[in-house]
Amino acid sequence: MSGPLPHWGEQTCVVCPAQQLGPGQFDVVDRPGPEFAYRPDLGWRATPDGVAVCVHPFRVGLPAGRYASAGEPVPDQAPRPAPTPAALQLPADLVDLEGWLVAVLRDAPPEQIFTAVARAERLAGERFDPKRVVAAMRRVLSVELANR
């Protein structure tokens, strides 16, 4: 497939290469980091040499791999990766807030979802503008709760 998978439009970040590229056309790493800076000229994160990078494997549904940069084969069917402990740490950058919220919700047992949402809102509101937190939560909750 040369273009994005249909479900990636709702399940990935707006700055994810999966919004525009197909499987194998970008790398997937475990979490955001300074080595995968957001590139406004490209519209997504990339390696220093310009290879597109998705930093949330649990959102794109692919395990971490160097698919574009090293030609690793994209698995035909792989279980959706669970959020890593690193993905469950509150990000320093607002652009990563939605990914963190998804990780928190996917990690929460069904009987603790409301507690997880309240805790996430409180923690995120301590670091980011509360209006931006609410907007991110609305976007994430509309997809994540529908998929539970």
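Heads up: the structure comes first, above all this text.
Residues numbered from 1 in each chain as written. Predicted model: local features only at pLDDT ≥ 70, side-chain atom pairs only at ≥ 80, totals over all residues. Heavy atoms only, no water.

Describing the overall build of the chain
Next, step 1: Broken down by element type, the chain carries five helices and four strands.
Next, step 2: Walking the chain from its N terminus toward its C terminus, one meets helices and strands in the order α-β-β-β-β-α-α-α-α.
Next, step 3: Relative to its length of 148 residues, the chain is compact, with a C-alpha radius of gyration of 15 Å against a globular reference of 15 Å.
Next, step 4: Each principal axis of the C-alpha atoms in the chain carries an extent, and together these give about 40 × 30 × 25 Å.
Next, step 5: Classification of the 148 residues of the chain by burial places 43% in the buried group.
Next, step 6: The long-range fraction of contacts in the chain, counting pairs at least 24 apart against all pairs at least 6 apart in sequence, stands at 54%.
Next, step 7: Roughly 8,100 Å² of accessible area belongs to the chain as shown, and the carbon and sulfur atoms make up 54% of that amount. (Helix = DSSP H or I, 4+ residues; strand = E, 2+ residues; numbered from the N terminus. Rg over C-alpha atoms; globule rule 2.2 N^0.38 Å. Buried < 20%, exposed > 50% of the residue type's maximum accessible area, 1.4 Å probe, protein only. Contact = heavy atoms within 4.5 Å. Areas by Shrake-Rupley, 256 points an atom, 1.4 Å probe, with all protein chains shown as cover.)

Digging into the environment of valine 14
Next, step 1: Tracing the sequence through the fold places valine 14 in the loop between helix 1 (8-11) and strand 1 (27-28).
Next, step 2: Residue valine 14 is classed as exposed on the basis of its relative accessible area of 66%.
Next, step 3: On a C-alpha basis, the gap between valine 14 and proline 85 in space is 23 Å, while along the polypeptide they are 71 residues apart.

What to know about the sheet that holds strand 3 (residues 44-46)
Next, step 1: Taken in spatial order, the four strands make up an open sheet running 1-4-3-2, and their pairing is mixed. Looking along the sheet, the strands with just one partner apiece sit at the ends: strand 1 and strand 2 (38-39).
Next, step 2: In the sheet, strand 2 pairs with strand 3 via two bridges, with the strands oriented antiparallel. Note that in strand 3 the partner of tyrosine 38 across the bridge is arginine 45. (Pairing = 2+ DSSP bridges.)

Some words on helix 4 (residues 113-127)
Next, step 1: Compared with the 21 Å implied by 1.5 Å per residue over 15 residues, the 21 Å span of helix 4 between its first and last C-alpha is a close match.
Next, step 2: What helix 4 keeps buried is the set Ile113, Ala116, Val117, Ala120 and Ala124. Within helix 4, the buried residues cover an arc of 100° as seen down the axis, which keeps them to one side. Exposed and oriented more than 90 degrees from the buried face of helix 4 are Phe114, Thr115 and Glu126. (Expected span 1.5 Å × (residues − 1). Arc of directions from axis to C-beta.)

Digging into the packing of aromatic side chains
Next, step 1: All chains considered together, the criterion is met by one aromatic pair.
Next, step 2: With a centroid separation of 5.6 Å and an interplanar angle of 65°, the aromatic rings of tryptophan 8 and phenylalanine 26 are classed as edge-to-face. Here tryptophan 8, found in helix 1, pairs with phenylalanine 26, found in the loop between helix 1 and strand 1; they are 18 residues apart in sequence, far enough to count as distant. Residue tryptophan 8 shares its accessibility class with phenylalanine 26, and that shared class is buried. (Phe/Tyr/Trp six-rings, centres within 6.5 Å; stacked < 30°, edge-to-face > 60°.)

Things to note about helix 3 (residues 97-107)
Next, step 1: Across the eleven residues that make up helix 3, a large majority, nine, are buried.
Next, step 2: Looking at helix 3, one finds that the buried residues are Leu97, Glu98, Gly99, Trp100, Leu101, Val102, Ala103, Val104 and Leu105.
Next, step 3: Here the buried face of helix 3 lies against helix 2 (57-60), helix 4 and helix 5 (130-144).

Some thoughts on the nonpolar core
Next, step 1: Core analysis: the largest hydrophobic core is formed by 20 residues, its most contacted members being Leu97, Trp100, Leu101 and Val133.
Next, step 2: In terms of residue count, helix 3 provides more of this core than any other element does, seven residues in total.
Next, step 3: Once residues lying within four places of it in the same chain are set aside, the contact partners of tryptophan 100 are Ala87, Leu88, Gln89, Leu90, Pro91, Ala120, Leu123 and Ala124.
Next, step 4: Trp8, Val15, Cys16 and Leu21 belong to the second largest nonpolar core, which has 14 residues in total. (Core = buried A, V, L, I, M, F, W, Y, C linked by side-chain atoms within 4.5 Å.)

Spatial relationships are all this shows, so hold off on functional conclusions.
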